[in-house]
Amino acid sequence: MHKKYLFFLVLLFICTSLVIVSLMYGTVNVPFNRIVEVLMSDDGSKARTIIWDLRLPRAIMAFLIGANLAVSGALMQSMTKNPLAEPKLLGITAGAATMVVIIEYFLVSLPYIWFSPLVFIGAALGGAVVYTLSMKGNVSPVRLTLAGVAVSAFLHAITVGILILLGEDAASVYTWLVGGLNGLTWSHLMLIAPWSIIGLFVALALSSKMNLLELGDDMAKGLGVKVGLLKITMAILVVVLAGSSVSVAGSIGFIGLIVPHLVRKILGPDHKNLIPFSALTGGCILLAGDLLARTIVQPIELPVGIFTAAIGCPYFLYLVRKQGDRHAK
């Protein structure tokens with residue numbers, strides 16, 4: 001069997017298993033046969049509320065957010081030629097997070113319909129500042145990463161300052177900043193689903209042109225690719241995918257860094273495989289992380305961002321060391 005199809009079947013099995021286990025286990029355990037019953041009919045029971053109103057939308061959201069973050073990381077790495085690129089490291093997540101707390105403190109009466117567009121603007125501004133600061137001739141991966149770390153730290157300081165002004169009202173926002181899926185419902189899913197689905201499909205549609213971009217800008221132009229327009233479109237997709245995720249789940253890092261590298265090692269650099277399989281793998285990883293966050297120290301629920309950071313930070317340091325060794329040679 002072709003490696004790609006085998007990988008797909010493995011991911012499908014893992015994802016399906018994780019969704020089932022996520023529905024079954026938590027503070028209240030629900031047996032599998034009962035899950036089937038309450039999903040087939042609304043009997044008004046406590047199990048129906050737990051499964052339909054709480055766990056099912058949360059599981060779908062975990063998969064969708066993981067897919068968003070993984071694909072946005074793949075897009076950034078392709079667009080910047082930087083293997084260290086991902087939304088959290090290059091200011092996009094920090095910009096979105098800062099905009100969220102600005103809305104919470106200064107724009108409380110703002111109609112909810114404006115929430116997502118403003119978060120996208122915050123994400124775009126964060127990424128734009130990083131990219132502008134790193135421009136000096138060609139944008140090098142190291143300069144881009146250093147600018148991202150500096151801007152993210154600055155935006156985080158602003159965010160924390162606003163949270164201090166919020167006082168007691170900031171408790172829930174602090175938890176949100178670490179990254180978590182607690183309390184997400186169908187309304188949150190409806191908020192980001194259109195952005196996510198459109199963004200993921202457009203990314204997949206552009207995958208063949210991304211392959212040409214890997215040959216270099218000049219070669220891609222010679223093959224008929226409008227490089228400037230393609231990169232602008234990719235940047236918009238990153239902002240939409242990462243911004244929509246941050247708007248509901250907070251700052252979940254490193255999925256966009258790890259997943260594309262993992263998929264490349266298994267299937268190679270072809271973006272026709274990289275984009276869809278990064279989405280599937282990212283969804284599975286965040287599903288697994290959220291399951292651990294809910295169950296590992298019951299009844300306390302941990303932010304899922306703790307688990308992604310625990311895996312991602314060592315891998316980031318490994319990549320930095322690898323890049324340093326390569327430049328030394």
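Rules and cut-offs
- Residues numbered from 1 in each chain as written.
- Predicted model: local features only at pLDDT ≥ 70, side-chain atom pairs only at ≥ 80, totals over all residues.
- Heavy atoms only, no water.
- Helix = DSSP H or I, 4+ residues; strand = E, 2+ residues; numbered from the N terminus.
- Rg over C-alpha atoms; globule rule 2.2 N^0.38 Å.
- Buried < 20%, exposed > 50% of the residue type's maximum accessible area, 1.4 Å probe, protein only.
- Contact = heavy atoms within 4.5 Å.
- Salt bridge = Lys/Arg side-chain N within 4 Å of Asp/Glu carboxyl O.
- Axes fitted to C-alpha atoms, helices over the stretch in contact; angles between N-to-C directions.
- Parallel < 35°, antiparallel > 145°, perpendicular 65-115°, else oblique.
- Left-handed = near helix turned anticlockwise from the far one by under 90°.
- Nonpolar A, V, L, I, M, F, W, Y, C, P; charged D, E, K, R; others polar.
- Core = buried A, V, L, I, M, F, W, Y, C linked by side-chain atoms within 4.5 Å.
- Phe/Tyr/Trp six-rings, centres within 6.5 Å; stacked < 30°, edge-to-face > 60°.
- Expected span 1.5 Å × (residues − 1).
- Polar contact = N/O pair within 3.5 Å; in protein donor to acceptor, adjacent residues only side chain to side chain.
- Patch = residues over 30% accessible without salt bridge, like charges linked within 9 Å, V, L, I, M, F, W, Y side chains within 5 Å.
- Areas by Shrake-Rupley, 256 points an atom, 1.4 Å probe, with all protein chains shown as cover.
- UniProt positions renumbered as here; feature names shortened; annotations may be inferred.
- Disulfide = S-S within 2.5 Å.

(A) Local environment of the overall build of the chain. Within the chain, the regular secondary structure consists of 14 helices and 0 strands. For the chain, the succession of helices and strands along the chain, N to C, is α-α-α-α-α-α-α-α-α-α-α-α-α-α. Against the compact-globule benchmark of 20 Å for 329 residues, the chain has a radius of gyration of 20 Å, which places it among compact chains. Judged by the C-alpha coordinates and their principal axes, the chain covers about 65 × 60 × 35 Å. Out of the 329 residues belonging to the chain, those deemed buried represent 49%. Residue pairs in contact within the chain that sit at least 24 positions apart in sequence constitute 75% of those at least 6 positions apart.

(B) Structural detail: the pattern of salt bridges. Applying the stated criterion to the full structure yields 7 salt bridges. A salt bridge links arginine 34 to aspartate 43; its shortest N-O distance comes to 2.9 Å. Counted as one network, the salt bridges with shared partners bring together Arg58, Asp290, Arg294 and Glu301.

(C) Local environment of the packing of helix α3 (residues 46-80) against helix α11 (residues 227-249). α11 packs onto α3 with a crossing angle of 150 degrees between their chain directions and a minimal axis gap of 9 Å. One element, α3, and the other, α11, form an angle in the roughly antiparallel class. When you trace α3 past α11, the crossing you get is left-handed. Residues Met61, Ile65, Asn68, Leu69, Val71, Ser72, Leu75, Met76, Ser78 and Met79 of α3 form the contact with α11, whose participating residues are Lys231, Met234, Ala235, Leu237, Val238, Leu241, Ala242, Ser244, Ser245, Val248 and Ala249. Counted by class, the contact of α3 with α11 contains 15 nonpolar, 5 polar and 1 charged residues.

(D) Layout of the nonpolar core. Counting 75 residues, the largest nonpolar core has Ile65, Val71, Leu75, Val248 and Ile252 as the members making the most contacts within it. The element that contributes the greatest number of residues to this core is α3, accounting for 13 residues. The next biggest cluster of nonpolar side chains, apart from the first, holds 9 residues, and it includes Ile35, Val38, Ile50 and Ile51.

(E) Spotlight on the packing of aromatic side chains. The final tally for this structure, using the stated rule, is 4 aromatic pairs. Aromatic side chains phenylalanine 7 and phenylalanine 277 sit 5.4 Å apart centroid to centroid with 10 degrees between the ring planes, which places their arrangement in the stacked category. Within this pair, whereas phenylalanine 7 is found in helix α1 (residues 3-24), its partner phenylalanine 277 is found in helix α13 (residues 271-295), the two being separated by 270 residues in sequence. This pair shows no difference in class: phenylalanine 7 is buried, exactly as phenylalanine 277 is. On the numbers, 4.7 Å between centres and 90 degrees between planes, the contact of tyrosine 105 with phenylalanine 106 is edge-to-face.

(F) Molecular detail of α1. For α1, spanning 22 residues, the distance from its first C-alpha to its last is 32 Å, which sits close to the expected 32 Å at 1.5 Å a residue. Three or more residues of α1 are buried, namely Phe7, Leu11, Cys15, Leu18, Ser22, Leu23 and Met24. For α1, the secondary structure elements touched by its buried residues are α2 (32-40), α3, α12 (255-267) and α13.

(G) Structural detail: unusual backbone geometry. At the junction of glutamine 298 and proline 299, the peptide bond is cis and its omega measures out at 5 degrees in the coordinates. Position of proline 299 among the secondary structure elements: in the loop between α13 and α14 (304-328). In this structure, phenylalanine 254 takes a positive phi of about 75 degrees despite not being glycine. Residue position: phenylalanine 254 is located in the loop between α11 and α12.

(H) Structural view of the side chain of serine 152. Within the element layout of this structure, serine 152 appears in helix α6 (residues 141-166). A residue is classified by how much of its surface remains accessible, and serine 152, at 13% relative accessible area, is buried. A polar contact of 3.4 Å, which involves the side chain of serine 152, links it to the backbone nitrogen of glycine 91. With near-sequence residues (within four places) excluded, serine 152 lies in contact with Lys88, Leu89, Gly91 and Ala94.

(I) Inspection of the packing of helix α4 (residues 92-106) against α11 at higher detail. Running from N to C, α4 and α11 point in directions that differ by 50 degrees, and their axes come no closer than 9 Å. By the angle between their axes, α4 is oblique relative to α11. For the crossing formed where α4 meets α11, the hand is right-handed. Along its contact with α4, which presents Ile92, Thr93, Ala96 and Ala97, the element α11 presents Val238, Ala242 and Val246.

(J) Layout of a nonpolar patch on the surface. A cluster of nonpolar side chains, namely Leu6, Val10, Phe13 and Ile14, defines an oily patch on the protein surface of about 380 Å² accessible area. Mapped onto the fold, phenylalanine 13 is located in helix α1.

(K) Up close: the UniProt feature "transmembrane region" (unreviewed entry) in the chain. Residues given the UniProt feature "transmembrane region" (unreviewed entry) here are residues 5-25, 59-77, 89-108, 114-133, 145-166, 186-208, 229-262 and 300-320. Spanning residues 5-25, this segment combines 95% helix with 0% strand, and its end C-alpha atoms are found 30 Å apart. Across residues 229-262, helical content stands at 85% and strand content at 0%; the span's end C-alpha atoms are separated by 28 Å.

(L) Quick look at the environment of serine 251. Mapped onto the elements of the fold, serine 251 is located in the loop between α11 and α12. Separated by 49 residues in the primary sequence, serine 251 and valine 202 have C-alpha atoms spaced 24 Å apart. Polar side-chain contacts of serine 251 include one of 2.6 Å to the side chain of lysine 88.

(M) How the structure looks around the state of the cysteines. This structure, assessed with the given rule, holds 0 disulfides. Cysteine cysteine 15 shares no disulfide, and the gap to the nearest cysteine sulfur, in cysteine 284, comes to 4.4 Å.

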